[in-house]
Structures are given as C-alpha cells and as structure tokens.
Amino acid sequence: MVQAQSFTTRRKARVVALQTLYEIDSVGHDPLRVLDRLMDESGLPASAREFARDLVDGVVENREELDRIITEYAPSWPISQIAEVDRNVLRLAIYELMFSREAPPKAAINEAVELARAFGSESSRKFVNGVLGSVMQTAEA
C-alpha cells in the first residue's frame, strides 16, 4: 500500500508540475510563485512538493536542451507549433528520462502518456508516446 500511495502522490506532483509549466509557458508568470500557489491549492504532502519543485526547476533550467531534443525527435513539428500541453508533457518526461533519472524510464513514459491523455487533445497520447519512444530507443542504443 505504501508504494501505491507514493505512486499517487508522485502523479499529483507531476500534475502540479505540468500545470505550472503550462502556465509559465502560456502567460509567462514567475515559476516559483505559480508552483507555490498550485501546491497550496492541491494540498501536496512535503515529499511530493519537493518532487514537483525538482521537476519544475529542472525543466526551467534545461528548457533549451529539452526543446532541442523535442525538435530532434519531432522534426515535422516546430516547437512553437506543438500544443502547449503536449510540449510541456514532453519537456517534463524528457527531463525525467535524460536528466533526473529518478523514475524508471517506462514509468516516466507511462506517466507522461497519462498526463497527455488527461490534459491534452485526442491525439496527444499517441504523439507523446511516439516521441518518447523514439527518445528511449536512441538512449538505449
């Protein structure tokens, strides 16, 4: 049961991180203020707050490199033309896969696909899964 609870709080932390990234991407608000507000609204426990903060900080700090990776693996889609939700789900997942490595790769991809399903369009899940699958194939080679 501890593992399931941890999974749930980490998923909630990813949701808060995604919402933060989306807001700062779409309207340019201060990342720390947005994150603090969303964490307060969500009632995340301390351990999940730390995870959400690490995700947001990591994506913000590595955004240029993350966007370069997205551009490399989705060359038909200029980064500015990728839907904001999809773009930020990809940034978050690629950060977890390539920089954080805190979660197993399959778990990070599954979580990203679930975020895309919950917050993106009908085609988001397939797009995110395809890009992340390509990223992982190259990383494993």
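Residues numbered from 1 in each chain as written. Predicted model: local features only at pLDDT ≥ 70, side-chain atom pairs only at ≥ 80, totals over all residues. Heavy atoms only, no water.

1. Observations regarding the packing of aromatic side chains
Note the following rule: Aromatic rings from Phe, Tyr and Trp, with only the six-membered ring used for Trp, were paired whenever their centres fell within 6.5 Å, and each pair was classed as stacked if the ring planes differed by under 30 degrees, edge-to-face if by over 60, and tilted otherwise. Numbering of helices and strands runs from the N terminus, with a helix taken as a DSSP run of H or I at least four residues long and a strand as a DSSP run of E at least two residues long. Residue exposure (1.4 Å probe, protein chains only): buried if accessible area is under 20% of the type maximum, exposed if over 50%, otherwise partly exposed. Put simply, a charge is over a ring when the Lys NZ or the Arg CZ is close to the ring centre, within 6 Å, and near the line of the ring normal, within 35 degrees.
By the definition in use, this model includes 2 aromatic pairs. A ring pair is formed by W77 and F127, whose centres lie 6.0 Å apart and whose planes are at 70°; its orientation type is edge-to-face. Placement of W77 in the loop between α4 (63-73) and α5 (84-100) and of F127 in helix α7 (residues 124-140) is noted, with a sequence separation of 50 residues between them. By relative accessible area, W77 is classed as partly exposed at 44%. Owing to a relative accessible area of 19%, F127 belongs among the buried residues under this scheme. With a centroid separation of 5.9 Å and 10° between ring planes, the pair formed by Y95 and F99 is classed as stacked. Placement of the pair is Y95 and F99 together in helix α5, with a separation of 4 residues, close to one helical turn. Classification of F99 by relative accessible area gives partly exposed; the value is 34%. Of note, R10 hangs over the ring of F51, and the distance from its end group to the ring centre comes to 3.8 Å.

2. Comments concerning the nonpolar core
Short version of the rule: Nonpolar cores were defined as sets of buried Ala, Val, Leu, Ile, Met, Phe, Trp, Tyr and Cys residues, with membership established by side-chain atoms within 4.5 Å. Throughout, a contact is declared for two residues whenever any of their heavy atoms are within 4.5 Å.
Counting 45 residues, the largest nonpolar core has V89, L90, L92, I94 and L132 as the members making the most contacts within it. Mapped onto this core, the elements with two or more residues apiece are α1 (2-27), α2 (31-42), α3 (46-61), α4, α5, α6 (105-119) and α7. When residues of this core are assigned to their parent elements, the largest contribution, 8 residues, is made by α5. Setting aside anything within four residues of it in sequence, one finds L92 in contact with R14, A17, L18, L21, L55, V59 and L115.

3. Here's the deal with α2
This is how it is decided: Working rule for helices: expected span equals 1.5 Å times residues minus one. The arc in question is formed by the directions pointing from the helix axis toward the C-beta atoms.
In a regular helix each residue adds 1.5 Å, so 12 residues correspond to 16 Å; α2 covers 16 Å between its end C-alpha atoms and thus fits that length. Looking only at α2, the buried set comprises V34, L35, L38 and M39. Along the long axis of α2, the arc covered by the buried residues comes to 125°, so they all point the same way. Exposed residues on α2 whose side chains face more than 90 degrees from its buried face are R33, D40 and E41. Phi for G43, located one or two positions after α2, is positive at around 70°.

4. Considering the confidence of the model for the protein
Just so we agree on the cut-off: Per residue, pLDDT captures the predictor's confidence, and it can take any value from 0 to 100.
Averaged over every residue, the pLDDT of the protein is 91; the share at 70 or more is 94%. Segment residues 1-5 is flagged for pLDDT under 50; beyond a separation of four residues in sequence, or across chains, it makes 0 contacts in the model.

5. Here we look at the pattern of salt bridges
Which entries qualify depends on this criterion: The salt bridge definition used is simple: a Lys or Arg side-chain nitrogen within 4 Å of an Asp or Glu carboxyl oxygen.
Counted according to the given criterion, the structure contains 17 salt bridges. One salt bridge in this structure joins R53 and D36, with 2.8 Å as the shortest N-O distance. A residue pair is termed long-range when its members are at least 10 positions apart, and R53 in helix α3 and D36 in helix α2 qualify at 17 residues. You can call D36 partly exposed: its relative accessible area is 32%.

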